[in-house]
Amino acid sequence: MSNHEERQASKWEQLKANSKRLMKKRWAMPALYLTMIAVVLTTFLWMTASDDDLADLQRDSEFDIEGLEEGADQNQDAEADEDAVPAVAHDEVFDMPTMDDEEVAVVGTFHDYEASVEEQTKSLIHYDNYFYQNKGIDLSKNDDEPFEVTAAMSGTVVKSEEDALFGQVVHIEHDNDTVTIYQSLDGVIVEAGQTVKQGDVLGQAGRNLYNSDAGVHAHFEIRKGGVPVNPLDFMEKTLTELPEFSEDEKDKQDAPEQLPEDPDEDQTQEDAS
């Protein structure tokens, strides 16, 4: 076979392949049928119509072809919209950041200023001779074994790094100025700039220096405008249900409070005064 014949055969095969891909489109067959009907009808009327009718028919035919092309473009746009998957669904609700909620327990609670003294004391983290308010919750298994930590809501990873104090950390940004924070991780498999869906694995629970007493655990926070909220209060709730905070409340987060070695004794002195 000569080079010319080979090129012709190659072009023919490419044309057949393109035709097959075109015919797989949902709008292709209806458009083809409508075009064939228009051609047959135009030919019939052309043979039987007068000169004035022919001019009108030509204008109508041009309009019909334009309508078919516009319909095909709309079908293509609709297919593109169906293929596109939004990063975050508007009705998506917060979920616990684990594969199985029943395999883990909450071993560290959020520090709530409106809670009782006993509950506030339980929500303190002891580090470097000071007690710090827990800004989220801590999750752990009874056997102190690692477990997979997942995204509590779809979003974009804005931080994925090793921290000397908090261990491996991941921050995921969501709409409405909301961020979810995951600390004390190990084996993180996501990186900054990556889009994740709710339930995607981020890494495993590990250990960190800040809350070494918790052993193998995962720390989880929800922050709105930089202000932490109790994650347990917003499970199964949407982003729009998070509270709004004033600028003063946001500024307070830049200087976390520290309590002395014995928070119970300090609280007793405050009550006595």
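Our subject is the structure listed above.
Caption draft 1: Expanded view of the overall build of the protein chain. For the protein chain, the helix and strand inventory stands at six helices and 13 strands. Out of the 273 residues belonging to the protein chain, those deemed buried represent 33%. Long-range pairs, those at least 24 residues apart, make up 66% of the contacts in the protein chain between residues at least 6 apart in sequence.

Caption draft 2: Inspection of the side chain of T150 at higher detail. Along the chain, T150 falls in strand 5 (residues 148-150). On the basis of relative accessible area, T150 is assigned to the buried category, the value being 2%. In this structure the side chain of T150 is engaged in a polar contact, spanning 3.1 Å, whose partner is the backbone nitrogen of T98. Leaving out residues up to four positions away in the same chain, T150 has contacts with M96, P97, T98, M99, Y182, G199, D200, V201 and L202.

Caption draft 3: Just the pattern of salt bridges, in detail. What the rule picks out here adds up to five salt bridges. A salt bridge links E103 to K141; the nearest nitrogen and oxygen atoms lie 4.0 Å apart. Pair noted here: E103 is in the loop between helix 3 (51-83) and strand 1 (105-108) and K141 is in the loop between strand 4 (137-140) and strand 5, with a separation of 38 residues, a long-range link. The class of E103 is partly exposed, set by a relative accessible area of 29%. Between K122 and E118 there is a salt bridge whose closest N-O contact spans 3.6 Å. Placement of both K122 and E118 in helix 4 (residues 117-122) is noted, with a separation of four residues, approximately one turn of the helix. On the basis of relative accessible area, K122 is assigned to the exposed category, the value being 59%.

Caption draft 4: Representation of the packing of aromatic side chains within the structure. Under the definition given, this model contains four aromatic pairs. Ring centres of F166 and Y210 lie 5.1 Å apart, and the angle between their planes is 65°; on these two criteria the pair is classed as edge-to-face. Placement of the pair is F166 in the loop between strand 6 (155-163) and strand 7 (167-174) and Y210 in the loop between strand 10 (201-205) and strand 11 (218-224), with a sequence separation of 44 residues. Among the residues examined, Y210 registers a relative accessible area of 14% and is labelled buried. Here the aromatic cluster, defined as three or more aromatic residues joined through ring pairs, consists of Y127, Y132, F166 and Y210.

Caption draft 5: Spotlight on unusual backbone geometry. Even without being a glycine, N129 presents a positive backbone phi close to 65°. Looking at N129, the relative accessible area reads 53%, which means it is exposed. Positive phi values are uncommon outside glycine, yet S184 reaches one of about 60°. Positionally, S184 belongs in strand 8 (residues 178-186).

Caption draft 6: Inspection of the pairing of strand 6 at higher detail. Two strands pair when backbone bridges link them, and strand 6 and strand 9 (residues 195-196) are joined in this way by two bridges, in the antiparallel orientation. Across the sheet, G155 pairs through a bridge with V196, a residue of strand 9. Across seven bridges, strand 6 lies against strand 7 in antiparallel orientation. Note on strand 7: the bridge partner recorded for E161 is V169.

Conventions and cut-offs
Residues numbered from 1 in each chain as written. Predicted model: local features only at pLDDT ≥ 70, side-chain atom pairs only at ≥ 80, totals over all residues. Heavy atoms only, no water. Helix = DSSP H or I, 4+ residues; strand = E, 2+ residues; numbered from the N terminus. Buried < 20%, exposed > 50% of the residue type's maximum accessible area, 1.4 Å probe, protein only. Contact = heavy atoms within 4.5 Å. Polar contact = N/O pair within 3.5 Å; in protein donor to acceptor, adjacent residues only side chain to side chain. Salt bridge = Lys/Arg side-chain N within 4 Å of Asp/Glu carboxyl O. Phe/Tyr/Trp six-rings, centres within 6.5 Å; stacked < 30°, edge-to-face > 60°. Pairing = 2+ DSSP bridges.

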